[in-house]
Amino acid sequence: PAVLDREAFSCSICLDLLKDPVTTPCGHNYCMNCIKSHWDVEDCKYSYSCPQCRKRFTSRPDLLKNNLLADLVEELKKTGLQAAPADHCYAGAEDVACDVCTGRKLKAHKSCLQCLASFCEKHLQFHYESETFKKHKLVEPSKKLQENVCSRHDEVMKMFCRTDQQLICYLCSVDEHKGHDTVSAAAERAERQRELEGSRQNIQQRIQDREKDVKLLQQQAEAINVSADKAVEDSEKIFTELIRLLEKRSSDVKQQVRSQQKREVSRVKELQEKLEQEITELKRKDAELKKLSHTEDHNQFLHNYPSLSPLSQSTSSIHIRPMSCFEDVTAAVSEVRDKLQDVLREKWTKVSLTGTEVDVLLPQPEPKTRAEFLKYSHEITLDPNTAHTQLLLSEGNRKATVMSQQQSYSSHPDRFTDWVQVLSRESLTGRCYWEVERRGGVDVAVAYKNISRAGRSYECGFGRNDKSWVLYCDNNSYTFCSNKVQTPVSGPESSRVGVYLDHSAGILSFYSVSETMTLLHRVQTTFTQPLYAGLRYVDLVSFMVLNGVVLFICCQHVTFLL
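As the structure is a prediction and not an experimental result, all values here were calculated from the model.

### Section: the packing of aromatic side chains
Here is step 1: Under the criterion given, the structure shown has eleven aromatic pairs.
Here is step 2: Aromatic pair Trp39 and Phe57: ring centres 6.4 Å apart, planes at 80°, arrangement edge-to-face. Placement of the pair is Trp39 in helix α2 (residues 32-42) and Phe57 in strand β4 (residues 56-57), with a sequence separation of 18 residues. Of the two residues examined, Trp39 and Phe57, each falls in the buried class.
Here is step 3: Ring centres of Phe373 and Tyr433 lie 5.1 Å apart, and the angle between their planes is 35°; on these two criteria the pair is classed as tilted. You can see Phe373 sitting in helix α10 (residues 370-374) and its partner Tyr433 sitting in strand β14 (residues 431-437), a full 60 residues away along the chain.

### A short note on the environment of Gln165
Here is step 1: Within the secondary structure, Gln165 sits in the loop between β8 (159-161) and β9 (166-168).
Here is step 2: Taking the relative accessible area as the measure of exposure, Gln165 reaches 47% and is therefore partly exposed.
Here is step 3: Separated by 17 residues in sequence, Gln165 and Thr182 have C-alpha atoms that sit 9.4 Å apart.
Here is step 4: Excluding residues within four positions of it along the chain, Gln165 makes contact with Phe160 and Arg192.
Here is step 5: A polar side-chain atom of Gln165 sits 2.8 Å from the main-chain carbonyl oxygen of Arg162.

### Remarks on the nonpolar core
A general feature of soluble globular proteins is that nonpolar side chains tend to end up buried together.
Here is step 1: In terms of nonpolar packing, the biggest core is built from 40 residues, with Val257, Phe326 and Val329 touching the most fellow members.
Here is step 2: For this core, the elements supplying multiple residues, two or more each, are β8, β9, α6 (185-241), α7 (243-293), α8 (298-304) and α9 (327-346).
Here is step 3: With 13 residues, the top contributor of residues to this core is α6.
Here is step 4: By size, the runner-up hydrophobic cluster in this structure holds 35 residues, among which are Val420, Val499, Leu520 and Leu531.

### Topic: the pattern of salt bridges
Here is step 1: In total, this model carries 29 salt bridges according to the counting rule given.
Here is step 2: As a salt-bridge pair, Arg210 and Glu278 come within 3.1 Å of each other at their nearest N and O atoms. With a gap of 68 residues between them, Arg210 in helix α6 and Glu278 in helix α7 connect regions that are remote in the sequence. Taken individually, Arg210 and Glu278 each receive the classification buried, so the pair is uniform in this respect.
Here is step 3: Across the pair Glu437 and Arg496 runs a salt bridge, and its minimum N-O distance is 2.7 Å. Of the two residues, Glu437 sits in strand β14 while Arg496 sits in strand β19 (residues 496-502), which places them 59 residues apart along the sequence.
Here is step 4: For Glu437, a relative accessible area of 11% corresponds to the buried category.
Here is step 5: Overall, the relative accessible area of 24% leaves Arg496 in the partly exposed class.

Definitions and cut-offs
- Residues numbered from 1 in each chain as written.
- Predicted model: local features only at pLDDT ≥ 70, side-chain atom pairs only at ≥ 80, totals over all residues.
- Heavy atoms only, no water.
- Phe/Tyr/Trp six-rings, centres within 6.5 Å; stacked < 30°, edge-to-face > 60°.
- Helix = DSSP H or I, 4+ residues; strand = E, 2+ residues; numbered from the N terminus.
- Buried < 20%, exposed > 50% of the residue type's maximum accessible area, 1.4 Å probe, protein only.
- Contact = heavy atoms within 4.5 Å.
- Polar contact = N/O pair within 3.5 Å; in protein donor to acceptor, adjacent residues only side chain to side chain.
- Core = buried A, V, L, I, M, F, W, Y, C linked by side-chain atoms within 4.5 Å.
- Salt bridge = Lys/Arg side-chain N within 4 Å of Asp/Glu carboxyl O.

Below you can see the structure in the form of structure tokens.
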């Protein structure tokens, strides 16, 4: 076939029909200028290799023109057979060109991170055929391969310095980065890939939340319209009974209802549009992260990762409280009908709309002063069925003391058997606030009811799993922990810690309480179950819960090994 003939008489370097064909000792054919130029670039006094089979020759072979091939090529040219690829196969200004092609270069099919070169499909074959080159890392064609090379040592950068947050080569790791925290680029990529996936999951969750909010707003708009329509219908019936005397007033009430309806629906639609815009932005951000997550080149991933714009702070989910809307209009008009004769004798009493505004506002901002926080104080008692056997509960289960001897509690599946912990009896939803007055090490936590209780595994310890959140409170330092991830927390030392929970908004905040409220750490997440207040003991301490405020009183300081 013509295609096979054309390939048989083409030079594998320039991919054109052979010009002054020569044959190497290994039996492959090239244009004389192409193979000479190739070996001139290779420029090795000890060995030269064949571009196709990679066979090496101890000395540069003498090349003689292959007259038989030359005659055959001339015959092919007379038949009009063209060896050149179609124009769309050649590399343009925006394309990555093959580094091996001479003359007009073809588009690269892959780039090699080891060779630091790009190859068209023809010149890529030895990467698939040679056992040595099969081990090389091939990625999509890239113009940025030189960014993978260390400018100082001219070596491929395969390591990452976490101390200086930059890519380095092996020589850098034993030179100016000696003693730094260094890992392979692949390992750093894997770590940041996990972070990226976490960000994507957060975005996707926020998209789902916002889509739910949009549906709520659509339902609310429908409810407003239904209520408004009913108010208009009822008022028209009542005013019809008044015949001519009330025709004008009927029109006035109708106009007022429609005006109020328009304002309320407009307000709901405005908020709905804002949420839809946020969904669009989140989807765009997700697409950006997805594209980056699919980058095969670790170095390009790490180059581009820091440039990602941070995720904007999410507004909390909306909450819609029941509304009466326009129901009061009907009642008001009915009362007017009954008293109309007396009213008309004196003066016209204006019928005002008494419908309540639609409550679709976002959650109120977090309190600022201690007095504002105390408005949400929650009555808390301790559950004796959860208390570790070294905890002595008293005063209506509002006080607990850590004892050196075991307490004679009955066996219960809710009891913490190894961790010196206790949970509240009451579940916490909505907005709640409580305080912990401490002396020594007391860890303040919230947890789901289904947290494990028996054993010393991480599934039982506050902050060591995805079912609890805890602030470790040492004498002069704080650390927040959840799902085994610890976050150092800075803030003024105080013997009192305040905890604020807005369950529906997914907000959990810890405060240092003194004359002012100082935020120590805030968590923004999604709580899927009711929460329970939790406490864990490092030192022997006692505490009391009073009027929603938990007070701790220090006992003898004997440290438990938890």
